[in-house]
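Geometric and topological summary
Below, each chain spelled out in residue letters.
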Amino acid sequence: MNITVYLGASDCSDPVIEAAARELGTWIGKNGNHLIYGGSKCGLMGIVAESTLLAGGRVTGVEPSFFVDAGLVYDSIDELIVTDDIPQRRAKMIELGDAFIAFPGGTGTLEEISEVISMVCLGHLNAPCILYDLDGYYCGLRIQLEHMTKKGLMK
């Protein structure tokens, strides 16, 4: 299964989040799955990619050319797909994914998983969409999504 994971390339100050990223990558690799992610060697992205590879999994990175030019690519991954920009990256990651996980991340992660949730709600995508709610990280978002559903603004 191709599992698209959205997470940050920033260094995380929380060792629990870093350990969970390693655990997720290890699980993906040990279970014969294929990681689709943002392609960076930095931060949580680098951790999940490295742990997937070490566990025997396959890793595809999808990276916009300006990040490639900045030298942020993880060179040891199995495949790198270079896009012109962030919207093309998001589209390619959705195209490749069979399931989607939003790991704790920043605004980019939130933007990416929001697009997936919208596509699922519109019936344009039929795939599991998981908010990895580590230590309540996505509790506020879950409450907001439930509120939107109760108000009839979302299915």
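Up top you'll find the structure we're talking about.
Read on for an overview of the structure. Values in this document were obtained by computation on a predicted structure and should not be read as measured data.

Glancing now at helix α4 (residues 86–96). Looking only at α4, the buried set comprises Arg89, Arg90, Met93 and Ile94. Considered in projection along α4, the buried side chains sweep an arc of 130° and stay on one side of the axis. The N-capping residue of α4, defined by a side-chain oxygen 2.9 Å from the backbone nitrogen of Gln88, is Asp85.

To continue, consider the layout of surface pockets. Approximately 330 Å³ is the volume attributed to the largest pocket. Around the largest pocket sit 24 residues that line it, and Leu7, Ala9, Met45, Arg89 and Gly108 are the ones nearest its centre. At the level of elements, β1 (2–6), α4 and α5 (107–121) are the ones that each hand at least two residues to the lining of the largest pocket. Counting residues per element, the lining of the largest pocket draws most heavily on α5, at 5 residues. Considered class by class, the residues forming the lining of the largest pocket number 11 nonpolar, 8 polar and 5 charged.

This paragraph deals with the packing of helix α1 (residues 15–30) against helix α2 (residues 43–54). Put simply, α1 and α2 touch, their axes get as near as 7 Å, and they point 35° apart. When you trace α1 past α2, the crossing you get is right-handed. Across from Ile17, Glu18, Ala21, Arg22, Leu24, Gly25, Thr26, Ile28 and Gly29 in α1, the residues of α2 making contact are Leu44, Ile47, Val48, Ser51 and Thr52. In terms of residue class, the contact of α1 with α2 is made up of 7 nonpolar, 5 polar and 2 charged.

For the rest of this paragraph, the subject is helix α6 (residues 139–150). Given a rise of 1.5 Å per residue, 12 residues ought to cover 16 Å, and the 16 Å separating the end C-alpha atoms of α6 matches this to within 8%. Just downstream of α6, Gly152 is the residue with a positive phi angle, here 80°.

Let's shift gears to the packing of α4 against α5. Direction vectors running N to C along α4 and α5 enclose 55°, while the axes themselves pass 11 Å from each other. It follows from the interaxial angle that α4 and α5 lie oblique. In the crossing of α4 with α5, the sense of the turn from one axis to the other is right-handed. Packed against α4, whose contacting residues are Arg89, Arg90 and Ile94, the element α5 presents Glu111, Glu112, Glu115, Val116 and Met119 at the interface. Partitioning the contact of α4 with α5 into residue classes produces 3 nonpolar, no polar and 5 charged.

Reading guide: rules and limits
- Residues numbered from 1 in each chain as written.
- Predicted model: local features only at pLDDT ≥ 70, side-chain atom pairs only at ≥ 80, totals over all residues.
- Heavy atoms only, no water.
- Buried < 20%, exposed > 50% of the residue type's maximum accessible area, 1.4 Å probe, protein only.
- Helix = DSSP H or I, 4+ residues; strand = E, 2+ residues; numbered from the N terminus.
- Arc of directions from axis to C-beta.
- Polar contact = N/O pair within 3.5 Å; in protein donor to acceptor, adjacent residues only side chain to side chain.
- 1 Å grid on protein atoms, 1.4 Å probe; cavity = no way out; pocket = protein on both sides within 12 Å on 5 of 7 lines; lining within 4 Å.
- Points joined across faces, edges and corners; volume = space filled by probe spheres on them.
- Nonpolar A, V, L, I, M, F, W, Y, C, P; charged D, E, K, R; others polar.
- Axes fitted to C-alpha atoms, helices over the stretch in contact; angles between N-to-C directions.
- Left-handed = near helix turned anticlockwise from the far one by under 90°.
- Contact = heavy atoms within 4.5 Å.
- Expected span 1.5 Å × (residues − 1).
- Parallel < 35°, antiparallel > 145°, perpendicular 65-115°, else oblique.

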